[in-house]
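# Working through the structure, step by step
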Amino acid sequence: MLALLYNECYDFTRNALSKWVGANVKIMGCILMNWSIVFNVLLVILAIVLGVLYYFGQELEKRQVETQATIDAAKQVVTLMAIDKKKMKIKEAGLPAIVYEQTP
């Protein structure tokens, strides 16, 4: 399609080359027409892509809300005991006597 437009513009401007000022105006107008068509097509494609992304974003947001409700319903309180990792002698650690006997 763009090649067809380019050929039409070329024929249009070639016929106008007898008048120098008119030829320049028509060449520039033809180039602008081609770029405006390309720009409009890209703009339409961009609008379609953004619309599709918006739609899928809404669907994913609905799923996330449902999943978060399931997570909140399954929450449990857990008591966690943190173990201090400092190095001590076995005698100072306060471990049961059986541990002392098994330690080399």
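In this convention, every chain numbers its residues from 1, walking through the sequence in written order. At least 70 in pLDDT is required for a residue's local features to be given in this predicted model, at least 80 for side-chain atom pairs to be given and counted, and no such filter applies to totals for whole chains, interfaces and linings, which use all residues. In computing side-chain values, all of the structure's heavy atoms are included and hydrogens and water are not.

### A look at the overall build of the protein chain
The helix and strand tally for the protein chain stands at three helices and zero strands. Working definition: helices are DSSP H or I runs of at least four residues, strands are E runs of at least two. Numbering for both runs from the N terminus. Reading the secondary structure of the protein chain in the N-to-C direction produces α-α-α. Burial status across the protein chain gives 7% buried among its 104 residues. Computed with a 1.4 Å probe, the accessible areas rest on the Shrake-Rupley method; for each residue, only the protein chains presented here act as cover. Accessible surface, the protein chain: about 9900 Å² in total, of which carbon and sulfur atoms supply 68%. Buried residues are those whose accessible area, probed at 1.4 Å on protein chains only, stays under 20% of the maximum for their type, while exposed residues exceed 50% and partly exposed ones sit between those limits.

### Concerning a nonpolar patch on the surface
Exposure above 30% relative accessible area and the lack of any salt bridge qualify a residue for a patch; like charges then connect within 9 Å, and the nonpolar side chains Val, Leu, Ile, Met, Phe, Trp and Tyr within 5 Å. Any carboxyl oxygen of Asp or Glu that lies within 4 Å of a side-chain nitrogen of Lys or Arg is treated as forming a salt bridge with it. Taken together, the side chains of Phe39, Val41, Leu42, Leu43, Ile45, Leu46, Val49, Leu50 and Leu53 present a nonpolar region at the surface, about 860 Å² in accessible area. Within the secondary structure layout, Leu42 lies in helix α2 (residues 20-73). Residue class for Leu42 comes out exposed when judged on its relative accessible area of 51%.

### A short note on the confidence of the model for the protein chain
Summing up the model confidence of the protein chain, the mean pLDDT is 76 and the portion of residues at 70 or higher is 68%. One number per residue, pLDDT, summarises how confident the predictor is, and it ranges from 0 to 100. Any two residues whose heavy atoms approach within 4.5 Å at even a single point are treated as in contact. Confidence over residues 1-6 falls short of pLDDT 50; this stretch has four contacts with residues more than four positions distant or in other chains. Across residues 11-26, where pLDDT falls below 50, the model places six contacts with residues more than four positions away in sequence or in other chains.

### With respect to the pattern of salt bridges
According to the stated counting rule, one finds one salt bridge in the structure shown. Where Asp72 meets Lys75, a salt bridge forms, and the shortest distance between an N and an O atom there is 3.5 Å. According to the relative accessible area criterion, Asp72 is partly exposed, its value standing at 39%.

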